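Observations on chain architecture
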Amino acid sequence: MTDLDAIPATALPLAARSPGKCILFGEHAVVHGRAELLLAIDLPVQIGISSSKRSSLNGDTAAPETHAYFHSALERLWAGGDPVDLHVTSRVPRAAGLGSSAAFSAALAAGLSAARGGVSRVGLAERAFAVERGAQGVGSPGDTAAVVAGGYVSVNGPGDAELFRLSEGTGKWTVRRVRDPSWSWVVAYSGIPRSTASAVRAVGLRLAESDGVELLDQFHRVAEAGIRAVQAEDRAEVGRLLDENQTLLVRVGVSHPRLEALLAASRPAVVGGKLTGAGAGGSVVVLPMPGRELEAARRIARAGGLPFVVRPEPLGASIVTNPDAEVEPETSAS
Ligand code: MEV
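Model, not experiment: these values are computed from the prediction.

Criteria and thresholds
- Starting afresh in each chain, residues are numbered from 1 along the sequence in its written order.
- Where local features are concerned, this predicted model is filtered to residues with pLDDT of at least 70; where side-chain atom pairs are given and counted, the filter is 80 or more; whole-chain, interface and lining totals use all residues.
- In computing side-chain values, all of the structure's heavy atoms are included and hydrogens and water are not.
- It suffices for a single heavy atom of a residue to lie within 4 Å of a molecule or strand for the residue to be listed as near it.
- Pairs of N or O atoms are called polar contacts if they sit within 3.5 Å, as long as, within protein, a hydrogen donor faces a hydrogen acceptor (for residues adjacent in sequence, only side-chain-to-side-chain pairs).
- All accessibility values rest on the Shrake-Rupley procedure with a 1.4 Å probe; residue burial counts only the protein chains present in the view.
- Three residue categories are used. Nonpolar comprises Ala, Val, Leu, Ile, Met, Phe, Trp, Tyr, Cys and Pro, charged comprises Asp, Glu, Lys and Arg, and polar comprises the others, including Gly.
- Here the nonpolar core consists of buried residues drawn from Ala, Val, Leu, Ile, Met, Phe, Trp, Tyr and Cys, with membership extended through side-chain atoms lying within 4.5 Å.
- Only protein chains enter the accessibility calculation, which uses a 1.4 Å probe; a residue whose area is less than 20% of its type maximum is buried, one above 50% is exposed, and one in between is partly exposed.
- Only DSSP runs of H or I covering at least 4 residues are called helices, and only runs of E covering at least 2 are called strands; the numbering of each starts at the N terminus.
- Note on contacts: a residue pair is in contact if any heavy atoms of the two residues lie within 4.5 Å.
- Lines are fitted to the C-alpha atoms to define the axes, a helix being fitted only along its stretch in contact, and any angle between axes, read from their N-to-C directions, falls within 0 to 180 degrees.
- Each angle is binned into one of four classes, with values under 35 degrees roughly parallel, values over 145 roughly antiparallel, values of 65 to 115 roughly perpendicular, and all other values oblique.
- In this scheme the handedness of a crossing depends on how the near helix is turned from the far one: anticlockwise by less than a right angle means left-handed, clockwise means right-handed.
- Between any two strands, at least two bridges found by DSSP are needed for them to pair.
- The pairing test for Phe, Tyr and Trp rings, Trp by its six-membered ring, is centres within 6.5 Å, and the orientation test on the planes gives stacked under 30 degrees, edge-to-face over 60, and tilted for anything in between.
- For a Lys NZ or an Arg CZ to count as sitting over a ring, it must be within 6 Å of the ring centre and within 35 degrees of the ring normal.

1. A short note on the site of the ligand
Around the ligand, the neighbouring residues are Lys 21, Ile 23, Glu 27, His 28, Val 30, Val 31, Gly 139, Ser 140, Asp 143, Val 200, Gly 277 and Ala 278. Here an oxygen atom of the ligand sits 3.1 Å away from a polar atom, N or O, in the side chain of Lys 21. Between the ligand and the protein, one listed contact pairs an oxygen atom with a side-chain N or O atom of Asp 143 at 2.7 Å. The protein chains hide 99% of the 300 Å² of surface that the ligand would expose on its own. Split into classes, the residues belonging to the shell around the ligand amount to 5 nonpolar, 4 polar and 3 charged.

This is the structure we're talking about:
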């Protein structure tokens, strides 16, 4: 396994930060052990953590019970700890498929682990997954692994150095580094929030039908080919495979007319695109033709989406050494 930086011991108050993520190939199929490719994106979530008389999140003292991810983190990583006040700023839209819950889970796991003596990078990947999975009840470690590792990562697929091996029940996932082809991507939120857990459950039912295994094999084949095409910097082939992956996502029932409209609007400026994340609303990701990122974003904005031109964020979840440099908020909490 490759050594990524550990999270160092740090006394409270501290700030921790995590990138968001987008999924380029293989969402849903990864829950069933198939290959996935993800990208940590330069839209961060930052959490300031300080000791307090009463635990709260952006002033909400009910949050330790009502905010599923905060609750899950306190239960798993802070048993017996003093109350903590969280101050969260985020550039990742919530419930949009762009990793707000993975980034919140990873940043909070990094911060609480730092306050308790630090943790290895592999340990952080395990903890961030435990926090997210505990809150969501279903899902794979793909999202949290990507935001903990930073950059491009493959799960259960080809790639370079092995980063983490993660498991939950009978599920097993191997996470590998994938080389960055130095492309910009455009992600865009449809404005339709969705629940990852309900989409994962609905797809699970669809995949239990007679053609389910064949569909999973097709997802796997497309994701493996997509990872190889990214490593080979073959933009046209990646675009073709993004479209092919979208056709499979339509077949398992997680596209939405608004997502199809955003993809169609971007078409003249991109080589391919698909929904990203759980679907059923949420966001799309498109790969622009070289130099046409802003045109793709403009076309999507005109069709009613909220676009972001994104680059890979190579630094995974970490302790912020200059916490005064807060992220410009997009939303006030994860
Ligand atoms: C959600 O971002 C990705 C899914 O594959 C669920 C998961 O992997 O946990 C739909």
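So that's the structure; there's more coming.
2. Section: the nonpolar core
Core analysis: the biggest nonpolar cluster contains 100 residues, and Leu 86 and Trp 185 have the highest contact counts within it. Ranked by residues supplied to this core, first place goes to helix H3 (residues 100-115) with 10 residues. Apart from the residues within four sequence positions on either side, Leu 86 is in contact with Ile 47, Gly 48, Ile 49, Ser 56, Leu 57, Asn 58, Phe 70, Phe 104 and Leu 108.

3. Let's talk about the packing of H3 against helix H5 (residues 142-149)
Look at H3 against H5: their axes get within 9 Å of each other, and the N-to-C directions meet at 55°. By the angle between their directions, the pair H3 and H5 is classed as oblique. As H3 packs across H5, the resulting crossing turns out to be right-handed. Along the contact surface, H3 presents Ala 102, Ala 103 and Ala 106, while H5 presents Asp 143, Thr 144, Val 147 and Val 148. Grouping the amino acids of the contact of H3 with H5 by side-chain chemistry returns 5 nonpolar, 1 polar and 1 charged.

4. So, the sheet that holds strand S11 (residues 306-310)
Ordered by their spatial adjacency, 4 strands build an open sheet running S9-S10-S8-S11, and the pairing between neighbours is antiparallel. Two strands close off the open sheet at either side, each with one partner strand: strand S9 (270-276) and S11. Across the sheet, the axes of successive neighbouring strands diverge by a mean angle of 20°, strand direction being ignored. In terms of strand pairing, strand S8 (residues 185-189) meets S11 through 5 bridges, oriented antiparallel. By the bridge assignment, Val 187 is partnered in S11 with Phe 308. The strands touched by helix H9 (residues 257-266) are S8, S9 and strand S10 (283-288); relative to S10, the strand with the most contacts, the crossing angle is about 15°.

5. What to know about the packing of aromatic side chains
This model, assessed by the stated rule, comprises 2 aromatic pairs. Sitting over the face of the ring of Trp 78, Arg 116 holds its NZ or CZ atom 4.5 Å from the ring centroid.

6. Thoughts on the packing of helix H4 (residues 121-136) against H5
Across the interface, H4 lies against H5 with an axial gap of 9 Å and an inter-helix angle of 140°. In terms of axis orientation, H4 runs oblique to H5. Here H4 and H5 pass one another in a crossing that is right-handed. On H5, the residues that touch Arg 121, Leu 124, Ala 125, Ala 128, Phe 129 and Glu 132 of H4 are Asp 143, Thr 144 and Val 148.

7. Section: the environment of Ala 146
Within the secondary structure, Ala 146 sits in helix H5. We classify Ala 146 as buried; its relative accessible area is 0%. Each C-alpha atom, one on Ala 146 and one on Leu 86, is 23 Å from the other, the two residues being 60 residues apart in sequence. If we ignore the near neighbours within four places in the chain, the residues touching Ala 146 are Leu 38, Ala 40 and Val 153.

8. Notes on the pairing of strand S6 (residues 162-168)
Regular strands place side chains that alternate from one sheet face to the opposite one. With 6 bridges connecting them, S6 and strand S7 (residues 171-178) associate as antiparallel partners. Counterpart to Arg 165 in the pairing with S7 is Thr 174. Connecting S6 to the next strand, S7, in antiparallel fashion are 2 residues, including Gly 169 with a positive phi near 55°.

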